[in-house]
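Examining the three-dimensional arrangement
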Amino acid sequence: MRLLFLGDLVGYGADPVAVLDRVADEVERGAVVVRGNHDAAVVDAGADTMNRTAEAAVGWTRERLQARHLAFLAGLPLTVQEGDRLFVHASAEVPAEWTYVSDPVRAGQSLAATDATYVFCGHVHEPMLYHATAARRATRRVG
């Protein structure tokens, strides 16, 4: 079994140190991990891109992490491509803008931005599967 971590390792849970230690161990075993917007916010102390609650969680998290944890987060890539698979936290169109893939239009933009056949995205907040038609138009696929 191979694990994939699609970002936002920190910013939500009560024990970011334990999470990062575990993910770092899994990376050594071959897991794939990409940076999420909460991970980036913890590293970039001057960024003001979230609501107050999220900013408070980011600050709280930052206070608990050691230098090695911050270095781990800073070193995470925005994307990892392996063959026909792309792993990314937000849209593949411009990963660092943290665009949500929340509808067929955004999914189509994400799919069109890469030559990957499969795009795995973690910044969706709702499990969803989109597929592109022969005309490269994305449609939502439900159960």
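Structure shown above.
Okay, so let's go over this structure. (Residues numbered from 1 in each chain as written. Predicted model: local features only at pLDDT ≥ 70, side-chain atom pairs only at ≥ 80, totals over all residues. Heavy atoms only, no water.)

Turning to the overall build of the protein, a few remarks are in order. Regarding its fold elements, the protein presents five helices and seven strands. Its helices and strands taken in sequence order, the protein reads β-α-β-α-α-α-β-β-α-β-β-β from the N to the C terminus. Relative to the globule expectation of 15 Å for 143 residues, the C-alpha radius of gyration of the protein, 16 Å, shows essentially globular dimensions. In terms of overall dimensions, the protein has C-alpha extents of about 50 × 35 × 25 Å along its principal axes. Here the protein, with 143 residues, has 35% of them falling under the buried criterion. Considering only intrachain contacts with a sequence separation of at least 6, the fraction spanning at least 24 residues in the protein is 63%. (Helix = DSSP H or I, 4+ residues; strand = E, 2+ residues; numbered from the N terminus. Rg over C-alpha atoms; globule rule 2.2 N^0.38 Å. Buried < 20%, exposed > 50% of the residue type's maximum accessible area, 1.4 Å probe, protein only. Contact = heavy atoms within 4.5 Å.)

Moving on to the packing of helix α1 (residues 16-28) against helix α4 (residues 67-74). α4 packs onto α1 with a crossing angle of 55 degrees between their chain directions and a minimal axis gap of 11 Å. Between α1 and α4, the crossing angle belongs to the class labelled oblique. Classified by chirality, the crossing of α4 by α1 is left-handed. Packed against α1, whose contacting residues are V17, L20, D21, V23, A24 and V27, the element α4 presents R68, H69, F72 and L73 at the interface. Along the lines of polarity and charge, the residues of the contact of α1 with α4 split into seven nonpolar, one polar and two charged. (Axes fitted to C-alpha atoms, helices over the stretch in contact; angles between N-to-C directions. Parallel < 35°, antiparallel > 145°, perpendicular 65-115°, else oblique. Left-handed = near helix turned anticlockwise from the far one by under 90°. Nonpolar A, V, L, I, M, F, W, Y, C, P; charged D, E, K, R; others polar.)

If you walk across this open sheet you meet the three strands as β3-β4-β5, and the pairing is mixed. The sheet is open, and its two edges are formed by β3 (79-82) and β5 (118-121), each paired on a single side. This sheet shows a mean twist of 15 degrees between the axes of neighbouring strands, independent of strand direction. As paired elements, β3 and strand β4 (residues 85-88) share four bridges and run antiparallel to each other. What sits directly across from T79, in β4, is V88. (Pairing = 2+ DSSP bridges.)

Any functional reading would require information beyond the geometric quantities listed.
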